[in-house]
Amino acid sequence: MPDNNILEKPYLKWLTLFIASGTLLCCALPILLVTLGFGALVASLNYNIPGLVFLAEHKIWTLIIAALILMALAWLNWRPNQHCPVEPDLAALCQKSKRLNKRIFWLSVIIWFIGFFTSYLLLPIRNILEL
């Protein structure tokens with residue numbers, strides 16, 4: 001039987017949340033700031049944080065990689081043959097950990113969809129509605 005200890009590392013869930021947040025930085029945040037009239041702030045951020053320009057220029061890859069990592073996290077959360085220990089204290093801790101992992105997952109998915117929506121759907125919808 002293969003060793004699944006790497007799948008149980010807690011940092012994988014937080015890494016997914018961090019990577020999904022990258023979609024907000026590249027896609028949603030600049031659009032929101034420019035819409036609110038803070039274009040100079042966006043220019044300043046892009047000048048002072050060069051990584052933002054890289055993410056914005058490669059937003060398709062940012063979104064694809066984040067989506068693939070989210071799919072991997074979904075598999076980790078809902079994979080078959082997951083068992084919690086029989087001991088009451090460990091079982092309660094296991095259930096609490098599973099709930100936290102699922103919350104982190106759904107938060108990451110929401111962040112990813114906000115980034116995807118602002119990158120690829122917001123402008124066409126705006127053009128259709130003539131706003």
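Rules and cut-offs
Residues numbered from 1 in each chain as written. Predicted model: local features only at pLDDT ≥ 70, side-chain atom pairs only at ≥ 80, totals over all residues. Heavy atoms only, no water. Helix = DSSP H or I, 4+ residues; strand = E, 2+ residues; numbered from the N terminus. Rg over C-alpha atoms; globule rule 2.2 N^0.38 Å. Areas by Shrake-Rupley, 256 points an atom, 1.4 Å probe, with all protein chains shown as cover. Lys, Arg positive; Asp, Glu negative; His and termini not counted. Charge placed at Lys NZ, Arg CZ, Asp CG, Glu CD. Disulfide = S-S within 2.5 Å. Buried < 20%, exposed > 50% of the residue type's maximum accessible area, 1.4 Å probe, protein only. Phe/Tyr/Trp six-rings, centres within 6.5 Å; stacked < 30°, edge-to-face > 60°. Lys NZ or Arg CZ within 6 Å of the ring centre and 35° of its normal. Axes fitted to C-alpha atoms, helices over the stretch in contact; angles between N-to-C directions. Parallel < 35°, antiparallel > 145°, perpendicular 65-115°, else oblique. Contact = heavy atoms within 4.5 Å. 1 Å grid on protein atoms, 1.4 Å probe; cavity = no way out; pocket = protein on both sides within 12 Å on 5 of 7 lines; lining within 4 Å. Points joined across faces, edges and corners; volume = space filled by probe spheres on them. Nonpolar A, V, L, I, M, F, W, Y, C, P; charged D, E, K, R; others polar.

(A) How the structure looks around the overall build of the chain. Helices and strands together make up the secondary structure of the chain, namely five helices and zero strands. For the chain, the N- to C-terminal ordering of α and β elements is α-α-α-α-α. Here the C-alpha radius of gyration of the chain, 19 Å, is well above what a compact globule of 131 residues would show, namely 14 Å. Here the C-alpha coordinates of the chain stretch approximately 60 × 35 × 25 Å along the principal axes. When the accessible surface of the chain is summed, it comes to about 9300 Å², and 72% of that surface belongs to carbon and sulfur atoms. Averaged over its 10 positive side-chain charges, the chain has a centre that lies 4 Å from the centre of its 6 negative ones.

(B) Focus on the state of the cysteines. Tallied over the full model, the rule gives one disulfide. The disulfide partner of Cys 84 is Cys 94, and the S-S distance across this bridge is 2.0 Å. Taking the torsion about the sulfur-sulfur bond, which here is approximately -70°, the covalent link between Cys 84 and Cys 94 counts as left-handed. You can see Cys 84 sitting in the loop between helix H4 (59-78) and helix H5 (88-129) and its partner Cys 94 sitting in helix H5, a full ten residues away along the chain. Under the relative-accessibility criterion, Cys 84 is labelled partly exposed at 22%.

(C) Quick look at the packing of aromatic side chains. Counted under the stated rule, the structure contains six aromatic pairs. Here a set of aromatic residues connected by ring pairs shows up, and it is made of Trp 112, Phe 113, Phe 116 and Tyr 120. Above the face of the Tyr 120 ring, Lys 59 is positioned so that its terminal group lies 5.2 Å from the ring centre. Seen from the ring of Trp 75, Arg 79 lies directly overhead, with NZ or CZ sitting 5.9 Å from the centre.

(D) Just the packing of helix H2 (residues 39-48) against helix H3 (residues 50-57), in detail. In the contact formed by H2 and H3, the axes pass within 4 Å of each other and the chain directions differ by 105°. By the criterion of interaxial angle, the relationship of H2 to H3 is roughly perpendicular. Residues Leu 45, Asn 46 and Asn 48 of H2 touch H3, and the partners they reach there are Pro 50, Leu 52 and Val 53.

(E) Structural context of the layout of surface pockets. Of the voids in this model, the second largest pocket is the one considered here, and its volume is about 210 Å³. Along its surface, the second largest pocket is lined by Cys 26, Cys 27, Pro 30, Ile 31, Thr 35, Lys 59, Thr 118, Ser 119, Leu 122, Leu 123 and Arg 126. Those elements giving two or more residues to the lining of the second largest pocket turn out to be helix H1 (11-35) and H5. Here the lining of the second largest pocket is built from residues that sort into six nonpolar, three polar and two charged.

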